[in-house]
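Breakdown of the fold
Next come the chains, spelled out residue by residue.
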Amino acid sequence: MSSKDQKSPNAKEIDQIQKRYKKYNLSGVETLAIADTPYELLYSPTEKIPTIIVDNFPKLGKLAALRFIEWVQENPDGVISLPTGKTPEHFIKWVQHYLRNWDNKDTAKDLENNGIKITLKPAMKNLHFVQIDEFYPMNPNQHNSFNYYVQKFYLKGFGLDHKKALLLDCSKIGSTPENPALKVFESKKVDLSLRYRKPKNYLEVLQKRAVELVDQFCTDYEEKIRQLGGIGFFLGGIGPDGHIGFNVAGSDHYSTTRLTHTNYETEAAAAGDLGGIEVSRGRLVITIGLNTITYNKNATAIIIAAGEAKSGIVANSIESEKSIAYPASVLQRLPNARFYITRGAATGLNERAAVDLDLSETLSHEQIDRIVINTSFNANKPIMELSEADFKNEPFGRIFLKKASSNWKSLKEATIGRIQHNLNEGLHYHENKTFLHTAPHHDDIMLGYLAHIQDLIVNPTNKHHFAYMTSGFTAVTNSYVCGLLETMLKYINDGYFAPLLNTDYFDSKNMDAKNTEAMMYLDGVARGWTTLKKEGHSRRMLRNIMLVLEDDNIDNIKERTEELINYFNTQYPGKKDLPYIQQLKGMVREWEADLVWAYFGFTTDSVSHLRLGFYKGDIFTEEPTMERDVPPILNLLNQVKPDYVSLALDPEGSGPDTHYKVLQATAHALKIYEEQTGRKDIRVLGYRNVWFKYHPCEANMYIPVSLSKLAVLEDSFLEAFASQKNASFPSYAFDGPFSGLARRIQVHQYVQIKDLLGPQFFVKNQDNRLRATHGMVFLKRLTIKELCDFSAQMRKSTENR
C-alpha cells in the first residue's frame, strides 16, 4: 500500500476529523493516527468495524501502547485485559519504555506529539487485570503458560497490583487438597462428556468432580468480572481461524467464561508453545467469552494484527456481518471497537487497496497482472475470454479500465504474454552454473522448489551447495529425541558399535563415515529394512553425542545417555532447552538435511550448517547482527562463488520471524560480496513454501511439476525428515506433514495457470514437459540490488528501520 508525506495536523484539522467520526468516539491518539494515513476510519457499508492502518510492526505496538496509556489516564481504576504471545511484543516494549522514561525530555515530546497529556503519569497500581485465557490443566510455573507470561510482562513489567488481578492458575482450578488437578488430569486430557454422564471408574469420579469445580470457577470468574463493571480496555490478537482469546470460529457471541475445546487451527498454532501437536491436540482451555469481552458497552476493544498471513481473516472479520464464523465480528456491538493493523495485514481490505490503486499515476506490470488475473478468477473465464463487462463488474477492474482507456485489450494480452514468458523461464536449461541453495530451516528448500532442483541436477555441469542458516532445534520434540537415544543405547549395549569404536570411525572429521551413515540409511529405505535405517540413525546420533558432550569414552556415553533420556522424559514439552540440548536437537535436523541431499547423490561436503547466533528459542528473539551473523554467509559465498543464490522471500510476517531475519543477513552478505568481487551477474531465486504463497503476478518463473516429481517430494520428505513425519509442528492450514501441504499448494498453482490460459493449453501443448504438468512451483528471480531493495522494504515494515 502507498504512503503519503504527512505534516502534523493543526487544531482545525483535528476538530474536523473528530466531528466526522463523532459516533465512534475517536480518542486524541486515534485522531492523530487517522490524520497520518490516506484512509478513512471506516469504509461503510463494506467495513463494519473502524480500522487504523500503520506502516509496520513496531508502529502497531506503539499505537496500541499510546492508546492504552491514554485510556489508563482517563480510567485510573479501570479493568484491563491484555494478550499473550508474540504479537504484543512491541506493545509491551513501548508501554515499559514510556513508564520508565516518563520524565525524560525526548520521551515527553514523543508522548505530546502523539496526543498524550504528560502532566499525568498513568497509575498502573490502581488497575484491575483480567487474564484472558489459559490451557487446562497447566502448571503456571512453566515458562510456556499464559499465567507465567502475564505475571512476567504485565504484572511485573507494568507494575500492576497482583491483588487486583484475576488470574487463571490452572494447577489449582478444579483441585482439592487431596486431588490436585495436575494429578487428576495427568495425561492433560479432559473428557467434557463427564459433565453429562456417569463415571466409569474411580479416576473418572475424580475427574467428573474436577470438571464440576472448573465450571463453578468459570461462573464465579465471570461474575467477578461483571461486578467490576466488565472489561474496560481489551487488547487482543487474532488467530488464523479468527479466534479472540480462545473463542474459536463457531463460538456463540453470547458465550461467557468457560472450559472448552478449541479447533485444529488453534491447536496447530499452539503446538510451538506446548511442544508439539501431540500435546496441544485435544487440549482444553479456559477462556473468557465473547459476551465477557463485550459486556461493558463502553469498553475500548482493540484487535491488533500484523503480516500478510493475517490479511484474509482480518478482512473477513472487518467486512462480515455479525457471524459466529468470525468471532471478532461480535465487536460490532461496541462503538469503541477498533482494528489496529499493519499494511501487510490490510492487503485483503479491498476498499483501502482501491484507494492505493486509484492514487497511482500509472499501473505497473504487476498491478495490471494482478487485476487481470483476479478478474479472470472471479469471472471463472480464461484471460483471453474476458470482456469489458467482466472488468466493469470488479472495483479494481473499473479502475483498470479508467486508467487503461481504450488500451485494455492489449494490456490483457500482455498479461497472457508474461504468464507464458514465466513458463518458458521455468523450462530454461542451465549448464555450467553454480547454485547456492539457502534456507532458514532444514526442509524449506525441498518444500519450496525441489522440482526445480531435480531439473537442474540432470545436467552434471551444474554445481550445487546447500546451506542451512539456523539449527532448527525448535522443530524437534523431546519424545522424538528420546526415541533416537533409546535405540542408539540398545545398539551400544548389544555391541553393534564395538568394532567401530576401536577405529577413527567416530572422529568428527571423518567425512567418509558420515557419508556411509547416510548411504546405510538410504539403503534401508530402498530395501525396506527398518534395521538398516535405525543403525544409520544410531551411528549418527552416537557421533553427535560424542561431539556435544566432548567425550568418546563409551561407558561415559552410556551413563550420559541415560541421563539425557531421563531429561527428555521429565521436562515439560515446550520448555526452553539448555544450549547443549538445543545443539543436540539441531544436529538431528542437520542429519535429516544431509539425508535429503544424499537422496539425490550429494555428499555431506555439499551441505553447510551455519547455525546463525540469533536463533535461540526465546519468545521475543534478537535480531541478526553484522558482526556475528553476516560473516559466516559471506565466507560461504567466497567459498562457493555462486552464479545463483536461492533464499526464502516471504512478505511481511507477524513480526521479525526466522525467515525474515535470515533474509536480512543473506541480503547484507550478498551486497558485500558483490562490492568485494565486482560481480553484477549473480541472480537471486526467491522461493516460498508452506507458510506463504506467491500470487501468480508476483513470480516471474513458473516451474512445471510432474506427478513423478510430486511423488518424489512426498517420499523423500517422509523418509529423510523423520522428525517431521508426524507433523508435530504443523501448519494451521493442513493437518498432516508439510510435504502434503506443499503438494497441495503446487497442484493449486498449476490449476491457477491452467484456468488463466484455458483448459487446452497444457493438453495440446507441443512440449511434453508441459503436457506432463500437474503441479507448479512459483519463483521470483531478482538481481542483488532488487533483493536489497526488497530487504530494505521488509526492514521498514518489520522493524521501522
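Residues numbered from 1 in each chain as written. Predicted model: local features only at pLDDT ≥ 70, side-chain atom pairs only at ≥ 80, totals over all residues. Heavy atoms only, no water.

1. Points about the environment of Val 763
Worth spelling out the cut-off: What counts as a helix is a DSSP run of H or I of at least four residues, what counts as a strand is a run of E of at least two, and both are numbered from the N terminus.
Tracing the backbone through its elements, the reader meets Val 763 in helix H29 (residues 760–763). Once the C-alpha coordinates of Val 763 and Thr 773 are considered, the two residues, 10 residues apart in sequence, prove to be 9.4 Å apart.

2. Considerations on the side chain of Gln 582
Convention followed: Categorising residues by exposure relies on relative accessible area from a 1.4 Å probe, with only protein chains included: less than 20% of the type maximum marks a residue as buried, more than 50% marks it as exposed, and the intermediate range marks it as partly exposed.
Within the fold, Gln 582 resides in helix H24 (residues 579–598). On the accessibility criterion, Gln 582 (10% relative accessible area) is buried.

3. A few points about unusual backbone geometry
Ser 44 connects to Pro 45 through a cis peptide bond whose omega is 5°. If you trace the backbone, Pro 45 turns up in the loop between helix H2 (28–35) and strand S1 (51–54).

4. So, the pairing of strand S12 (residues 463–468)
Quick note on the threshold: Two strands are said to pair when DSSP picks up at least two bridges between them. When the strands point away from the viewer, a crossover counts as right-handed if the path from the first strand over the helix to the second runs clockwise.
Counted residue by residue, S12 has 5 buried out of 6 residues, so it is predominantly covered. Here strand S11 (residues 434–439) runs beside S12; their pairing, made up of 6 bridges, is parallel. The residue of S12 that forms the bridge with Ala 439 is Tyr 468. Handedness of the crossover joining S11 and S12 through helix H18 (residues 444–456): right-handed.

5. So, the sheet that holds strand S10 (residues 337–342)
Quick note on the threshold: Note on contacts: a residue pair is in contact if any heavy atoms of the two residues lie within 4.5 Å. All axes here are fitted lines through C-alpha atoms, helices being fitted over the stretch that makes contact, and every angle between N-to-C directions spans 0 to 180 degrees.
Judged by pairing direction, the sheet is parallel, and its 7 strands sit side by side in the order S1-S10-S9-S6-S2-S3-S5 without closing on themselves. Either end of the sheet is taken by a strand with one partner, and the two such strands are S1 and strand S5 (165–166). Sheet topology places strand S6 (residues 233–236) next to strand S9 (residues 300–305); 4 bridges connect them, and they run parallel. If you follow Phe 234 over to S9, its bridge partner there is Ala 301. Helix H12 (residues 311–319) contacts S1, S9 and S10 of the sheet and is inclined by roughly 155° relative to S10.

6. A look at the sheet that holds strand S16 (residues 701–706)
Sheets are built from strands that pair by backbone hydrogen bonding, the pairs being arranged parallel or antiparallel. The 7 strands lie next to each other as S13-S12-S11-S14-S15-S17-S16, forming an open sheet whose pairing is mixed. Looking at which strands have only one partner, the edges of the open sheet turn out to be strand S13 (607–609) and S16. When strand polarity is set aside, the average angle formed by the axes of neighbouring strands in this sheet is 25°. Note that S12 and S13 share 3 bridges and pair parallel. Each residue of the ladder has a partner; that of Ala 467, found in S13, is Ser 608. Along the sheet, H24 contacts S12 and S13; its crossing angle with S13, the most-contacted strand, is approximately 165°. Contacting S16 and strand S17 (773–783), helix H28 (residues 738–757) crosses the sheet at an angle of about 90° to S17.

7. What to know about the packing of helix H22 (residues 530–549) against helix H23 (residues 554–570)
Note the cut-off: Any angle from 65 to 115 degrees is called roughly perpendicular, while one under 35 is roughly parallel, one over 145 is roughly antiparallel, and all others are oblique. Classification convention: Asp, Glu, Lys, Arg as charged; Ala, Val, Leu, Ile, Met, Phe, Trp, Tyr, Cys, Pro as nonpolar; all other residues, Gly among them, as polar.
It is the contact of H22 with H23, at a shortest axis distance of 11 Å, that shows an interaxial angle of 90°. Overall, the two elements H22 and H23 adopt an arrangement that is roughly perpendicular. Every residue of H23 that contacts H22 at Leu 542, Ile 545, Met 546 and Leu 549 is listed here: Ile 554, Ile 557, Arg 560 and Leu 564. When the residues that make up the contact of H22 with H23 are grouped by side-chain class, the tally is 7 nonpolar, no polar and 1 charged.

8. Considering the environment of Leu 206
By the secondary structure assignment, Leu 206 is in helix H8 (residues 202–227). Taking the C-alpha atoms as reference points, Leu 206 and Val 184, 22 residues apart in sequence, are found 6.7 Å from one another. Sequence-distant contacts of Leu 206, that is, excluding residues within four places in its chain, are made with Asn 179 and Val 184.

9. As for the pattern of salt bridges
Defined as follows: Only one rule defines a salt bridge in this text: a Lys or Arg side-chain nitrogen within 4 Å of an Asp or Glu carboxyl oxygen.
The final tally for this structure, using the stated rule, is 43 salt bridges. A salt bridge links Arg 195 to Asp 215, with the shortest nitrogen-to-oxygen separation between them at 2.8 Å. Residue Arg 195 is located in the loop between helix H7 (181–184) and H8, and its partner Asp 215 is located in helix H8; the two are separated by 20 residues in the primary sequence. Residues joined by salt bridges that share partners form a network here, namely Glu 30, Arg 67, Glu 70 and Arg 338.

10. Things to note about H28
The criterion, for reference: Helix span is expected to be 1.5 Å times the residue number reduced by one.
If you check H28, its first and last C-alpha atoms are 29 Å apart, about what 20 residues at 1.5 Å a residue would give, namely 28 Å. A positive backbone phi angle near 100° is found at Gly 758, which sits one or two residues after H28.

11. Overview of the packing of aromatic side chains
We apply this condition: Note on ring pairs: Phe, Tyr and Trp rings are taken, using the six-membered ring of Trp, and paired if centres are within 6.5 Å. Classes follow the plane angle, with under 30 degrees stacked, over 60 edge-to-face and the rest tilted. Two limits define a charge over a ring: the Lys NZ or Arg CZ must be within 6 Å of the ring centre, and within 35 degrees of the ring normal.
Following the criterion strictly, the structure yields 35 aromatic pairs and no others. Arranged with centres 5.6 Å apart and planes meeting at 45°, the rings of Tyr 599 and Phe 600 form a pair that is tilted. What makes Tyr 599 partly exposed here is its relative accessible area of 25%. On the numbers, 5.5 Å between centres and 70° between planes, the contact of Trp 691 with Phe 738 is edge-to-face. Of this pair, Trp 691 sits in the loop between strand S15 (683–687) and S16 while Phe 738 sits in helix H28, and the two are 47 residues apart along the sequence. We classify Phe 738 as buried; its relative accessible area is 9%. Following the ring pairs from residue to residue traces out a cluster consisting of Phe 68, Trp 71, Phe 91, Phe 129, Tyr 149, Phe 153, Tyr 154, Phe 158 and Phe 233. The ring of Tyr 254 carries the charged tip of Arg 333 above its face, separated from the ring centre by 4.3 Å.

12. Regarding the confidence of the model for the protein
Selection criterion: On a scale of 0 to 100, pLDDT captures the predictor's confidence in every residue.
Overall, the prediction assigns the protein a mean pLDDT of 93, with 98% of residues at 70 or greater. Note that residues 1–6 has pLDDT below 50 and, in this model, 19 contacts with residues that lie over four places away or in other chains.

13. A look at the pairing of strand S4 (residues 133–136)
Side chains Asp 133 and Phe 135 of S4 all project onto a buried face; the interleaved residues Glu 134 and Tyr 136 project onto the opposite face, where all are buried too. Both S4 and strand S8 (residues 284–287) contribute to a ladder of 4 bridges, which runs antiparallel. In the strand pairing of S8, Tyr 136 is matched with Leu 284.

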